[in-house]
Amino acid sequence: MGKLSLKTAKKAVGIGTFVEKTIKFRGADGEECEGEVLIKIATHDEIVNSTNVYNLKDRSTVTMDQLRKSHVYLCVYESENKPFFPTIESTGEVSSEVLIAMHEKIDEVLDFSGKNWILNQKKNSGANSSSMELAEEQ
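For clarity, every value in this text was computed on a predicted model and none was experimentally measured.

Colleague: So what about the overall build of the protein? Which residues, and what values?
Modeller: A count of helical and extended segments in the protein gives five helices and four strands. Helices and strands in the protein line up, N terminus first, as α-β-β-α-α-β-β-α-α. Looking at the protein residue by residue over its 138 residues, the buried ones come to 25%. Taking the contacts inside the protein whose residues are at least 6 apart along the sequence as the reference set, 49% of them involve residues at least 24 apart. With an accessible surface of roughly 9800 Å², the protein has 53% of that area assigned to carbon and sulfur atoms.

So this is what it looks like as structure tokens:
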């Protein structure tokens, strides 16, 4: 393992790159719809400051809806050069289900709280320990 620098950390995390994800949601007739979007890997500061798009006088008044919409507005793209939503207001033009599906994919990519990594570690260690138990039983 080499020495870590800001430049190598940003490169390792993939800051500014895009990850393709499939979102699923219900259509007007109740059928399952799906489509691919690109999720931009944003920096910590971009995520923390994403609600600045609302020009709030007091940041402590931000709602969960505004937070979710600002993340989606910042990170979801149609193509690398074209954001999915042209304005923050346009995030309200789709259903809550679509916004939540997009936000879940952002969380998968950016793992806001580290919970995805922790869950994966638990799944892997659980699978490994049950494999060992089976081997011992045989």
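Colleague: Outline the layout of surface pockets, listing residues and values.
Modeller: Quantified by volume, the largest pocket comes out at close to 180 Å³. Residue lining of the largest pocket: Val-13, Ile-15, Ile-41, Ala-42, Thr-43, His-44, Ile-47, Val-109, Leu-110 and Phe-112, and that is the complete set. Mapped by element, the contributors of at least two residues to the lining of the largest pocket are α2 (44-48) and α4 (96-110). Considered class by class, the residues forming the lining of the largest pocket number eight nonpolar, two polar and no charged.

Colleague: Can you tell me about the environment of Tyr-54, naming the residues and giving the values?
Modeller: Its location among the elements puts Tyr-54 in the loop between α2 and α3 (64-75). Sequence separation between Tyr-54 and Ser-70 is 16 residues; the distance between their C-alpha atoms is 8.4 Å. In contact with Tyr-54, not counting residues within four places along its chain, are Gln-66, Lys-69, Ser-70 and Ile-88.

Colleague: Which residues make up the environment of Phe-112, and what are the values?
Modeller: Structurally, Phe-112 can be placed in the loop between α4 and α5 (115-137). Among residues more than four places away in sequence, those in contact with Phe-112 are Ile-47, His-71, His-103, Ile-106 and Asp-107.

Colleague: Could you give an account of the pairing of strand β2 (residues 32-40), naming the residues involved and the relevant values?
Modeller: With nine bridges connecting them, strand β1 (residues 18-26) and β2 associate as antiparallel partners. Within the sheet, the bridge partner assigned to Glu-20 lies in β2 and is Leu-38. The hairpin formed by β1 and β2 contains five residues between the paired strands, and Gly-30 there has a positive phi angle of roughly 85 degrees.

Colleague: I'd like to hear about the packing of aromatic side chains, residue by residue, with values.
Modeller: Scanning all chains against the criterion turns up two aromatic pairs. Here the aromatic rings of Phe-18 and Tyr-77 are separated by 5.0 Å at their centres, their planes lie at 75 degrees, and the arrangement is edge-to-face. Residue Phe-18 is found in strand β1, and its partner Tyr-77 is found in strand β3 (residues 76-79); the two are separated by 59 residues along the sequence. Assessed through its relative accessible area of 13%, Tyr-77 is described here as buried.

Thresholds, definitions, all that
- Residues numbered from 1 in each chain as written.
- Predicted model: local features only at pLDDT ≥ 70, side-chain atom pairs only at ≥ 80, totals over all residues.
- Heavy atoms only, no water.
- Helix = DSSP H or I, 4+ residues; strand = E, 2+ residues; numbered from the N terminus.
- Buried < 20%, exposed > 50% of the residue type's maximum accessible area, 1.4 Å probe, protein only.
- Contact = heavy atoms within 4.5 Å.
- Areas by Shrake-Rupley, 256 points an atom, 1.4 Å probe, with all protein chains shown as cover.
- 1 Å grid on protein atoms, 1.4 Å probe; cavity = no way out; pocket = protein on both sides within 12 Å on 5 of 7 lines; lining within 4 Å.
- Points joined across faces, edges and corners; volume = space filled by probe spheres on them.
- Nonpolar A, V, L, I, M, F, W, Y, C, P; charged D, E, K, R; others polar.
- Pairing = 2+ DSSP bridges.
- Phe/Tyr/Trp six-rings, centres within 6.5 Å; stacked < 30°, edge-to-face > 60°.

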